[in-house]
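# Survey of secondary and tertiary structure
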Amino acid sequence: MSDKELVTVTIDRYTSLQRIKKANGETVNEELDYQIKTLMAMLASMGVNVEDLTL
């Protein structure tokens, strides 16, 4: 898998989790929050600005 493909897949995962979080409304889900946080760190290490991707 190329670096570009890895970034694309990671962005897709991040945006999917963002949509799930938004759909949950006020419901707290620590695992979901942790997964989002780790994907943010991965994307930041790849040079992707996640602020533009956050709902």
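The residue numbering used here restarts from 1 in each chain and proceeds along that chain's sequence as written. Reporting in this predicted model follows two pLDDT cut-offs: at least 70 for local features of residues, and 80 or more for side-chain atom pairs to be given and counted; totals over whole chains, interfaces and linings ignore these cut-offs and use all residues. The basis for every side-chain value is the complete set of non-hydrogen atoms in the structure, without hydrogens or water.

## With respect to the overall build of the protein
As a reminder, the rule being used: Strands here are runs of E lasting at least two residues and helices are runs of H or I lasting at least four, both read from the DSSP assignment and numbered beginning at the N terminus. The rule is simple: take the accessible area with a 1.4 Å probe, protein chains only, and divide by the maximum for that residue type; under 20% is buried, over 50% is exposed, in between is partly exposed. Any two residues whose heavy atoms approach within 4.5 Å are treated as being in contact. For the area figures, the Shrake-Rupley method with a 1.4 Å probe applies, and any residue is considered shielded solely by the protein chains shown. Asp and Glu are treated as the negative residues and Lys and Arg as the positive ones, with His and the ends of the chain left uncounted. Think of each charge as sitting on NZ of Lys, CZ of Arg, CG of Asp or CD of Glu.
Broken down by element type, the protein carries two helices and zero strands. Its C-alpha atoms put the protein at 35 × 20 × 15 Å along the principal axes. Taken over 55 residues, the protein has a buried fraction of 22%. Of all intrachain contacts in the protein linking residues separated by at least 6 positions in sequence, the fraction that spans at least 24 positions is 61%. Counting every atom, the protein has about 4,200 Å² of accessible surface; 54% of that belongs to carbon and sulfur. Of note, the protein has its 6 positive side-chain charges centred 3 Å away from the centre of its 9 negative side-chain charges.

## Points about the environment of R13
If you trace the backbone, R13 turns up in helix α1 (residues 3-23). Along the chain, R13 and I36 lie 23 residues apart, while their C-alpha atoms are 8.9 Å from each other.

## Thoughts on the packing of α1 against helix α2 (residues 30-45)
Cut-off, in case you're wondering: In this analysis an axis means a line fitted to C-alpha atoms, helices contributing only their contacting stretch, and an angle means the value between N-to-C directions, from 0 to 180 degrees. For classification, angles of less than 35 degrees are called roughly parallel, those exceeding 145 degrees roughly antiparallel, those between 65 and 115 degrees roughly perpendicular, and all remaining angles oblique. Crossing handedness is defined as follows: a turn of the near helix away from the far one that is anticlockwise and smaller than a right angle gives a left-handed crossing, while the clockwise case is right-handed.
At a minimum axis separation of 10 Å, α1 and α2 run at an interaxial angle of 150°. When the interaxial angle is binned, α1 and α2 end up roughly antiparallel. Helix-helix and strand crossings are classified by hand; for α1 and α2 the assignment is left-handed. Residues V7, T10, I11, R13, Y14, L17, Q18, I20 and K21 of α1 form the contact with α2, whose own contacting residues are L32, D33, Q35, I36, L39, M40, M42 and L43.

## Topic: a nonpolar patch on the surface
Heads up, the condition is: Patch definition: residues above 30% relative accessible area lacking any salt bridge, with like charges linked at up to 9 Å and the nonpolar side chains Val, Leu, Ile, Met, Phe, Trp and Tyr linked at up to 5 Å. What makes a salt bridge here is a side-chain nitrogen of Lys or Arg within 4 Å of a carboxyl oxygen of Asp or Glu, nothing more.
A surface patch of nonpolar side chains, about 300 Å² in accessible area, is lined by M1, L6 and V9. As for its placement among the helices and strands, M1 is situated in the segment before α1. Overall, M1 belongs to the exposed group, its relative accessible area being 73%.

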